[in-house]
Amino acid sequence: MAIPVEEAIAALSTFSLEDEQLDVQGLAVLLSSERYATNSPIEYSDVAAYRLSLGEDTKAINQLNTLIQEGKEMASLLYTYRSCVKALPQLPDSMKHNQADLYLETYQVLDSEMSRLREIQRWQASAASKLAADMQRFSRPERLVNGPTITHFWSMLKLLDVLLQLDHLKNAKASIPNDFSWYKRTFTQVSTQWQDTDTMREELDDLQIFLSTRWAILLNLHAEMFRTNTVEDILQVLIVFCVESLELDFALLFPERHTLLRVLPVLVVLATSSEKESESLYKRVKINRLLNIFKNDPVIPAFPDLHLSPAAILKELHYLILNHMGTIRAEHDDFSIRFASAMDQMIRLKSSDGVDNDWSRDIKGNMYDIVVEGFQLLSRWTGRIWEQCAWKFSRPISDSQQNSTTCFDYEKVVRYNYTAEERRALLELIGYIKSIGLMMQHCDTLVSEALWETIHMEVQDFVQDKLDTMLRTTFRKKKDLSRILSDMRTLSADWMANTSKADPEQHSLHQETEEMRQNTFYPRPVAPTAAQIHCLQFLICELVSGGNLRKPGGLFGNSGSGIPVEDLKQLETFFYKLSFFLHILDYTATIGTLTDLGFLWFREFYLESSRVIQFPIECSLPWMLVDHVIESQDAGLLESILIPFDLYNDSAQHALTSLKQRFLYDEIEAEVDLCFDLLAQKLNEIIFTYYKSCAASTLLDSSFTYACDDAEKYFVKPLRFDAIFKLRRVMVLGRTIDLRSIITQRMNKIFRENIDFLLERFENGDLCGVVELQQLLDILELTHQSISRFLELDSYSLMLSEMQENLSLVSYSSRISSQIWSEMQTDFLPNFILCNTTQRFVRSIKGTHHSSHRSSASTGKPYFYCGSHDLTMAYQGLAGLYRDFFGVPHMFAVVKLLGSRSLPAIIRALLDHISSKITGLVPKINALQEALPKSIGLLSFDGGIAGCQKIVHEILTWEAKSEVKTEVLHDLKEIGSALYWMSILDIVLRQIDTTQFMQSAPWLGLVPGNDGQVKHAYSDNTPFTTLLNAATNAVTSSPACPNPSTFLVMSKQAEAASLLYKSNLNSGSVLEYALAFTSAALDRHYSKWSATPKTGFIDITTSKDFNRIFSGLQYSYLEDSINNPSKKQEMLGDSVAWAGCTIMYLLGQQQHFELFDFSYQFLNVAEVESATVSHYQSSERTKSSNFLQGYEGILEAMRKARRLNNHVFSMLRARCPLEDKVACAIKPSGAPLHRMKFISTVSAFETLPQRAT
């Protein structure tokens, strides 16, 4: 049977579910914390049912609530953000090769974190834009939608609170910029292997600016809100709502109260961006109400361990100029445009005759309004600088934030208290103030008449028309007040300006027939005096207050005065206009006062408290701004580099005129002298460094930059110095300074110092540094060409000749040529060895012979190299490729540096050195000749290789003369090096001559003939002279030609130039000249080194010829190099073979050497013995090779020597064919006789010396 429900319920009610445990815990965790009353679960979709036209309002509320929820999630992300860098592993030294993998892994980890920060950056920009658009939509006076509602107010305030918390978290979390710096560093490392990273770099730069800028989110919101300037009223409404809610405790929950406290200072800052808006706000909300709120709640919770200070936010956002630069720039640009437009109208008005009076009054009235607005702008901007200085003085930097251990208190408030961004903003604002003041001052004579007429019209319109109306209406029956009005009219009315020219009696109070007629008058440039304005202000006060200035409601409050509101408003407007008139009339003085920024220099209080005479210029704010421009090298600030010196002018003027202290002026003058000198020095360094970097970047090998992954660092960011180059009249403390002339003088000095440094650097190095010297001088020359387009610099060639001490017309030596010859004598010829295969000289690794002693090179200024550090390192890397050898590139540099003036002196000195070395060899060769047997036969084939070696050892008994043998080898090495140096020079000169020939041949009419020879296509004149002669004839035949003689001279000069170029085509060979000179030097010792056969046949037993000596030297040298590895060929190189073969060839002993050389005979014996053994023991390969065991090394060395000798002899036969010589001669003085003729060739030997007979 079922139990009834009522009984079951009654039975259950008898059970007790409670126990005896006490409630010692709080409220348990709720299963649901959603708010369905304060937050609509259906997004206010039911509001439409009430037909209140709130569709736009609810739509905006839903959008803002979505943004609030997203913002809270991002705030939680920032608050819980912890540094990832601290968790990164540190690689031990044994795993440094995995550094690239670590960078990649680190980048991947940090990129996920940075992507969240990028999302926050994008979200805040979107949220600020939507919030500003929402405020603008509900702020328009002509809006046709209802709202915003109180719920809408709360949504706006909560979203603003979220943006504020995000900004505060971004500023407070130190781990975020630390991780970002690591992220940027790893990105730089890993992005070198990627393509198209420009977009990623731009995003990285934007994120860096966002993270490093304090209050970036609020500043962006400010910019978005005032993009259209239509949110002032909604901001004021929100401020009133916040103030009343806080004062009346309308916020029931503490989070709502904290939200109101956090957003209130931000709203105040946004609503007081200008003085007009500030006045409007403070009329609705008294400032004492705001101060009481901030005083009662100085600190507000934001997060569990993070708080906000409303007063600090308000002050920082208000006082720092950096936070207002967007508005200031917009005001500056707008005012400049409108002022220029007003000035253009004034100029048109001045140049027009018979213009309409109304149009003239409108233009002059507009000019007056623009001037007043300009004064207000200057006043507001200068006031901001004053306020920021006061803020900085009240907020000195802490000891933990400064780099220096000890510093003055003044440094804490000035030197270390301004960030780079704040210095830039301050400099920019000073530039705006000075430029606007200068623009207004330049047109003072043009606007003065308009200002005076406008002031006259304002005064006469009030006293003749408006006061007349008041007398006939409001004050008709009030005799005391009427008397005051009459006194005002009598005091300031200008009846002479009336068109009716009526007597003053016609304007009396008793003529009722004229009551309704307004007076018409012509404005005249007659302004009221200070006394008239003073009396008018007094009479207005008497009229309004009745002598009681303390009446309730203020001066113009309508409380008991009996004056209608409209009349009070007119009196109030005219009263405040009167205070403007005197400042407008003192046009120039007012501009001077508003643009006076001299207070930025004075520091008397801190001088006294620090007990010092004066602070260093690094603490001076004007010099700090100049130094900021110099150090930052911002292209937008360079043209403003002299603006801080206006601060010195202002401070000096204030010291003399206001403070009247000469010692202050003397201190300012001393600082200005020092600062201007430093400015000129640093400015020259910046200009020189920039143009030198541009030159180095231009001359840098394009293939090098193409191969670099980070080639963008070798390109120079463009800077503009045009405005600085045009500064001929800089006013500093009453003095006019020609800055252009100072820059030019110092630039000439820098060029000379740079040339001297490069030459001194070359003088402290070896000959291999000539390529680097030529590169650096080329960069310097291109720098000179670039700067010479703007400044009148000295000639580069003149400065180079001056620093080389080569100015005399009869001087053929220079510092470079002297250094080259000195290095060749003391270091190159003794210590460098020749590698014939690579055509290079390299330094011997076996030590030096007569080593030169050099002083350490001085370290020059960075801009003496290649400008920027990156370019300097690049050029040093390229120059390092040529630092360990001397070859064809070095010879090109030598030819270019010495030129045709100094190169012959080097050639002559080198030839004399060869001659002296040959002369010095004579006694040494004689000593070796004496040690040889009188008769030397051919080596026998019977004894084989071993027997030949034994015979040679018996012949070459030079053990007692080892030092002589070593000296002979070194002398031969120097002679061979000199000859090969001349051959490289000959190659370079021929290439240069070929290039010049290809360039000049078309102009000279040279064409190739059928036989390969060059012939003239024109018999009479060259194409160059023909062209100029035709042009000269055409010009001189014209009757309009003013001066035909000039063209005739030009034609003659063309003919002379053609002759000069033709004469340069038949140039001789330096190597052939050197060989002829060497041959002439050998002729003096021919009898000692080359014995004439008595029978007329070849004497195979002679031992006195040079070829016998060289054969012995070569054999012993090769044998020593094999037996003693420490005496390898690196000590002497291939120069010995070049010297020995050249001497033997010029002495006619080539065939003797090839027949009787010990090494050649040794090789012949080895070949015969090898062939014989191979013939008889062809079946036993191992035995056939045993006889060569131990001789492989020397045989290979002999074969290499024979190949080298054959190469040298073939070159000598090609360049100096002895079989075709008829005769040769040379004077005792060493001068060649140009009578040399050769049968086989006609081009090379016509200018060579001839051998004496």
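Being a predicted model, the structure only gives us computed values, none of them experimental.

Visitor: How would you summarise the overall build of the chain if you had to cite specific residues and measurements?
Guide: The number of helices and strands found in the chain is 45 helices and nine strands. In the chain, buried positions account for 46% of the 1253 residues. Taking all contacts inside the chain whose residues are at least 6 apart in sequence as the whole, residues at least 24 apart take part in 76%. Here the chain displays about 65,500 Å² of accessible surface, and carbon together with sulfur accounts for 54% of that area.

Visitor: I'd love a proper account of the pairing of strand β6 (residues 840-843), names of residues and values included.
Guide: Each regular strand displays side chains that alternate between the two surfaces of the sheet. Taken together, the four bridges between strand β5 (residues 832-835) and β6 define a ladder with antiparallel strand orientation. In the sheet register, L834 faces β6, and the bridge partner there is F841. Hairpin geometry of β5 and β6 is characterised by an intervening segment of four residues between the two adjacent antiparallel strands and by a positive phi of about 60° at Q839. Where β6 meets strand β7 (residues 885-886), two bridges bridge the pair, whose relative direction is antiparallel.

Visitor: Could you give me a rundown of helix α32 (residues 869-880), with the residues and numbers involved?
Guide: Between its first and last C-alpha atoms α32 spans 16 Å; for twelve residues at 1.5 Å apiece the expected length is 16 Å, and the two agree. Of all the residues in α32, the buried ones are L871, T872, A874, Y875, L878 and A879. Viewed end-on, α32 has its buried residues packed into an arc of 160°, placing them on one side of the element.

Visitor: I'd like a description of the packing of aromatic side chains, backed by residues and values.
Guide: Evaluated as defined, the whole model comprises 39 aromatic pairs. Ring plane angle 20° and centroid distance 6.4 Å describe the contact between F1106 and F1110, whose orientation is recorded as stacked. Of the two residues, F1106 and F1110 both sit in helix α40 (residues 1106-1123), four residues apart, roughly one turn of that helix. One aromatic cluster in this structure is built from F828, F832, F841, F886, Y980, W981 and W1138. Above the plane of the ring of W182 lies R185, whose end atom (NZ or CZ) is 4.8 Å from the centre. The ring of F885 carries the charged tip of R840 above its face, separated from the ring centre by 3.8 Å.

Visitor: Describe the pattern of salt bridges, listing the residues and the values that go with them.
Guide: Enumeration over the complete set of coordinates arrives at 41 salt bridges. R329 is the partner of E428 in a salt bridge, and the nearest nitrogen-oxygen pair spans 2.6 Å. Pair noted here: E428 is in helix α16 (residues 420-442) and R329 is in helix α13 (residues 325-351), with a separation of 99 residues, a long-range link. In this structure E428 comes out as buried when scored by relative accessible area, which is 13%. Among the ionic pairs, K924 bridges to D971, the shortest N-O distance being 2.7 Å.

Visitor: Outline the nonpolar core, supporting the account with residue identities and numerical values.
Guide: Most often, soluble globular proteins have nonpolar side chains that are buried together. Counting 254 residues, the largest nonpolar core has I385, M440, F721, F886, L972, W981 and W1089 as the members making the most contacts within it. Sorting elements by how many residues they give to this core places helix α33 (residues 888-930) first, with 18 residues. Viewed by domain, this core spans two of them, domain 3 (322-398 + 408-494 + 521-599) and domain 4 (898-1172 + 1190-1209), each represented by three or more residues. Those residues within four positions of W981 in sequence are excluded, and the remaining contacts are L767, M824, F828, F841, F886, M891, V894, I906 and L910. Within the second largest apolar cluster, 71 residues are counted, among which are M114, L117, L160 and I234.

Visitor: Tell me about a negative patch on the surface, and name the residues and values.
Guide: Judged by side-chain charge, D198, E202, E203, D205, D206 and E712 come together as a negatively charged surface patch. Inspection of the secondary structure puts D206 in helix α6 (residues 198-212). Given a relative accessible area of 43%, D206 falls into the partly exposed group.

Visitor: Residue-level account of unusual backbone geometry, with values.
Guide: In this structure, L733 is a non-glycine residue whose phi angle is positive, near 55°. With respect to the secondary-structure elements, L733 resides in the loop between β3 (730-732) and β4 (735-737). A relative accessible area of 12% means that L733 is categorised as buried.

Visitor: Kindly report on a nonpolar patch on the surface, identifying the contributing residues and their values.
Guide: Together, L104, W194 and M200 make up a nonpolar patch on the protein surface, roughly 230 Å² of accessible area in all. Topologically, L104 is positioned in helix α3 (residues 99-137). Look at L104 and you get partly exposed, because its relative accessible area is 35%.

Visitor: Give me the packing of α13 against helix α14 (residues 357-394): which residues, what numbers.
Guide: In contact at an axis separation of 10 Å, α13 and α14 are set at 150° when each is read in the N-to-C sense. Here α13 lies roughly antiparallel to α14, going by the angle between them. Judged by the sense of rotation from one axis to the other, the crossing of α13 with α14 is left-handed. A breakdown of the residues in the contact of α13 with α14 according to their chemical character gives 13 nonpolar, five polar and seven charged.

Visitor: I'd love a proper account of the confidence of the model for the chain, names of residues and values included.
Guide: On average, residues of the chain carry a pLDDT of 78, and 80% of them reach 70 or more. Within the chain, no element has a lower average pLDDT than helix α44 (residues 1181-1184), which sits at 46, and none a higher one than helix α29 (residues 770-788), at 93. Taken as a whole, residues 22-33 scores under 50 in pLDDT and shows zero contacts with residues more than four places along the chain or in a different chain.

Visitor: Describe the environment of L485, naming the residues involved and giving the relevant values.
Guide: When you line up the elements, L485 lands in helix α18 (residues 479-492). Separated by 51 residues in sequence, L485 and L536 place their C-alpha atoms 9.8 Å apart.

Visitor: Please set out the environment of V231 residue by residue, giving values where relevant.
Guide: Structurally, the position occupied by V231 is in the loop between α7 (216-225) and α8 (232-247). The exposure class assigned to V231 is buried, which follows from its relative accessible area of 0%.

Visitor: Outline helix α34 (residues 944-955), supporting the account with residue identities and numerical values.
Guide: Taking 1.5 Å as the rise per residue, α34 with twelve residues should run 16 Å; its terminal C-alpha atoms sit 17 Å apart, in good agreement. Residues of α34 that are buried: G944, I945, G947, C948, Q949, V952 and I955.

The rules we used
Residues numbered from 1 in each chain as written. Predicted model: local features only at pLDDT ≥ 70, side-chain atom pairs only at ≥ 80, totals over all residues. Heavy atoms only, no water. Helix = DSSP H or I, 4+ residues; strand = E, 2+ residues; numbered from the N terminus. Buried < 20%, exposed > 50% of the residue type's maximum accessible area, 1.4 Å probe, protein only. Contact = heavy atoms within 4.5 Å. Areas by Shrake-Rupley, 256 points an atom, 1.4 Å probe, with all protein chains shown as cover. Pairing = 2+ DSSP bridges. Expected span 1.5 Å × (residues − 1). Arc of directions from axis to C-beta. Phe/Tyr/Trp six-rings, centres within 6.5 Å; stacked < 30°, edge-to-face > 60°. Lys NZ or Arg CZ within 6 Å of the ring centre and 35° of its normal. Salt bridge = Lys/Arg side-chain N within 4 Å of Asp/Glu carboxyl O. Core = buried A, V, L, I, M, F, W, Y, C linked by side-chain atoms within 4.5 Å. Domains from an automatic or database assignment. Patch = residues over 30% accessible without salt bridge, like charges linked within 9 Å, V, L, I, M, F, W, Y side chains within 5 Å. Lys, Arg positive; Asp, Glu negative; His and termini not counted. Charge placed at Lys NZ, Arg CZ, Asp CG, Glu CD. Axes fitted to C-alpha atoms, helices over the stretch in contact; angles between N-to-C directions. Parallel < 35°, antiparallel > 145°, perpendicular 65-115°, else oblique. Left-handed = near helix turned anticlockwise from the far one by under 90°. Nonpolar A, V, L, I, M, F, W, Y, C, P; charged D, E, K, R; others polar. pLDDT = per-residue confidence, 0-100.

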